[in-house]
Amino acid sequence: MAFFYVLVLCAAFGLTVVVTKIWRRLRQRHYEVPARDISKGHRWCMTDIFSQPTYCNVSENHIIHGAFCDCCGICVEDENIKEANRILKCKELSTNHLFNRHHWLRGNLPHCSKCNVCGEDCGNLPQLCDLRCCWCCRHIHERCLKNASEVCDLGYYKDCIVPPNCVRLKLVGIKGRRHLVVDSVRAPNITGWKPLIVIANRKSGNGDGENILRSCRALLNPAQVIDLSEISPECGLEWCHLLPLVTCRILVAGGDGTVGWVLQAIDNLRLKVYFPSPEVCILPLGTGNDLARVLNWGDGYTGDIDVQDILHGMRHADAVKLDRWRVEVTRAKHFGIRMPRKTLMMNNYASIGVDALVTLNFHRHRESRPILFGSRLINKFWYFTYGTKDVLERECKDLHKKVTVELDGQSIELPEIEGIVVL
Ligand SMILES: [Zn+2]
Ligand SMILES: [Zn+2]
Ligand SMILES: [Zn+2]
Ligand SMILES: [Zn+2]
Ligand SMILES: [Zn+2]
């Protein structure tokens, strides 16, 4: 009888293990790149003042303020938003064309545009005139349209763009909550093609995050742009699964925290094990950009960010391997009971003591009063204030008496210190 119970227990245990494994695998697979349904209209952004002379794409009136679509770039008066959604098609994420065609939109060309057909100035009349392709960014006269080729080669950044005719979308989800996701992607016949996935949080960097996302939607296929305030990094990285034979480039805009999150997601998806490992580029935003500084991406942007400059710089960048360390934190025993271990991943350094305390206090203060942490400069000031405060109060005094450091099994004599940084 006892033998029977043991057998049942073993079977139950085995079943649990198998079910958990299958469940984990299913969960690991369940990531999808979301796609916007362009039949529902444009992605409108409101503006109080357009930065250049602008004409409404519906009424053709000169407008000072109104809305623009950050994917296709059309501009309208507030009251024409509905009409524009009805009559003007937005940048298509997916088409079933054999080749890519230009998507011409009228008017609001940048200053000093030249016609791609006849080479003369275009878009310089004070009215809604001439055409711009929202994929290749070329400009032409309306009268030259009949002489322009129908094929769009996607322009200067074609090696970063996922062409719409290579993307298939599908509807998923239960009734009432149906949404579009990327079903499959075919690699186009473009030499040196490395699709760029842009990951940023629109709420980070005092609006810089938002600007980067917007510019990238205009330059790339909008499905390549992942806003972390709505989509998890795992869903964005699903592009790498969809293109198993291609090296994807991932542009992460944000601080060390965001970059760490994305690197962790790459680990979670085991991308480096089964797929060509993606190349990660960092665009530092906000404070805390040591990782970006170490890798020569600069220590943060101030002022206007030109995404075209960044894409150009990325082409000339070399890929390097980055050490990532696993840090295990074992807590002290309480009443002889061992507390659970904590495993952290470290990208560039881990620190104990006064340095960590400054960062921690800064972080806590920012969480409690975010309004005080509006700009980079002010943040640096707070950082400095906390730094001096903690150093003066010497909360980490006599750290060398509380900590022992062992290197390769040998104990090391510590001088009088207040912090340890592992590099
Ligand atoms: Zn649009
Ligand atoms: Zn074009
Ligand atoms: Zn022309
Ligand atoms: Zn996947
Ligand atoms: Zn160059």
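Residues numbered from 1 in each chain as written. Chains lettered and ligands numbered in written order. Predicted model: local features only at pLDDT ≥ 70, side-chain atom pairs only at ≥ 80, totals over all residues. Heavy atoms only, no water.

**Quick notes on the pairing of strand 13 (residues 179–185)**
Stated precisely, the cut-off is as follows: For two strands to count as paired, DSSP must find a minimum of two bridges between them. Comment: elements are numbered from the N terminus, with helices defined as DSSP H or I runs of at least four residues and strands as E runs of at least two.
In terms of strand pairing, strand 1 (residues 34–35) meets strand 13 through two bridges, oriented antiparallel. Counted as the bridge partner of Pro34 is Val181 from strand 13. Pairing analysis gives six bridges linking strand 12 (residues 167–172) to strand 13, with the strands arranged antiparallel. Its bridge partner lying in strand 13, Leu171 is registered against Leu180.

**Focus: the coordination of the zinc ion (ligand 2)**
Worth spelling out the cut-off: Ligating atoms shown are N, O and S within 2.8 Å of the metal, or 3.2 Å for Na, K and Ca, and water is not included, meaning a site may look less than complete. In these descriptions, tetrahedral denotes four donors with every angle between 85 and 135 degrees, square planar four donors and octahedral six donors with opposite donors over 155 degrees apart and the rest between 65 and 115, and irregular any other case. With a 1.4 Å probe rolled over the protein chains alone, any residue whose accessible area is under 20% of its type maximum counts as buried; one over 50% counts as exposed, and the rest are partly exposed.
Ligation of the zinc ion (ligand 2) by protein atoms is provided by His102 (ND1), Cys133 (SG), Cys136 (SG) and Cys152 (SG), these donors lying 2.1 to 2.3 Å from the ion. Because the angles between the four donor atoms bound to the zinc ion (ligand 2) fall within 104 to 117 degrees, the donor set is best described as tetrahedral. Overall, His102 belongs to the buried group, its relative accessible area being 15%.

**With respect to the packing of helix 3 (residues 208–219) against helix 8 (residues 307–315)**
Which entries qualify depends on this criterion: Convention adopted: a line fitted to C-alpha atoms gives each axis, helices being fitted over their contacting stretch, and angles between N-to-C directions are expressed from 0 to 180 degrees. By the definition adopted for this analysis, an angle is roughly parallel if under 35 degrees, roughly antiparallel if over 145, roughly perpendicular if from 65 to 115, and oblique otherwise. We call two residues in contact when some of their heavy atoms are within 4.5 Å.
Contact geometry for helix 3 and helix 8: axes closest at 10 Å, N-to-C directions at 70 degrees. As summarised for this structure, helix 3 and helix 8 are arranged roughly perpendicular, according to the angle between their axes. Contacts between helix 3 and helix 8 involve Ile212, Ser215, Cys216 and Leu219 from the first element and Val307, Gln308 and Leu311 from the second.

**A look at the sheet that holds strand 11 (residues 139–140)**
A sheet is described by the order of its strands in space; here three strands give the open sequence 7-10-11, paired in antiparallel fashion. Strands at the two margins of the open sheet, each flanked by one partner only, are strand 7 (104–106) and strand 11. Bridge analysis of strand 10 (residues 131–133) against strand 11 gives two bridges, and the strand direction is antiparallel. Bridge assignment links Arg132 to a residue of strand 11, and that residue is His139.

**Thoughts on the nonpolar core**
Note the threshold: We call a set of buried residues a nonpolar core when its members are Ala, Val, Leu, Ile, Met, Phe, Trp, Tyr or Cys and they connect through side-chain atoms within 4.5 Å of each other. Residue ranges labeled as domains rest on an automatic or database domain assignment.
Core analysis: the biggest nonpolar cluster contains 41 residues, and Leu196, Ile212, Leu220 and Leu251 have the highest contact counts within it. Going through the elements one at a time, strand 5 (66–69), strand 6 (75–76), helix 2 (81–87), strand 14 (196–200), helix 3, strand 16 (249–254), strand 17 (279–284) and helix 8 are the ones with two or more residues in this core. Both domains that furnish three or more residues to this core are identified here as domain 1 (38–153) and domain 2 (161–315). Residue contacts for Leu251: discarding those within four places in its chain leaves Leu196, Ile197, Val198, Ile199, Cys281, Leu283, Ile310 and Met314. Judged by nonpolar contacts, the second largest core, of 34 residues, contains Ala35, Val185, Trp239 and Leu243.

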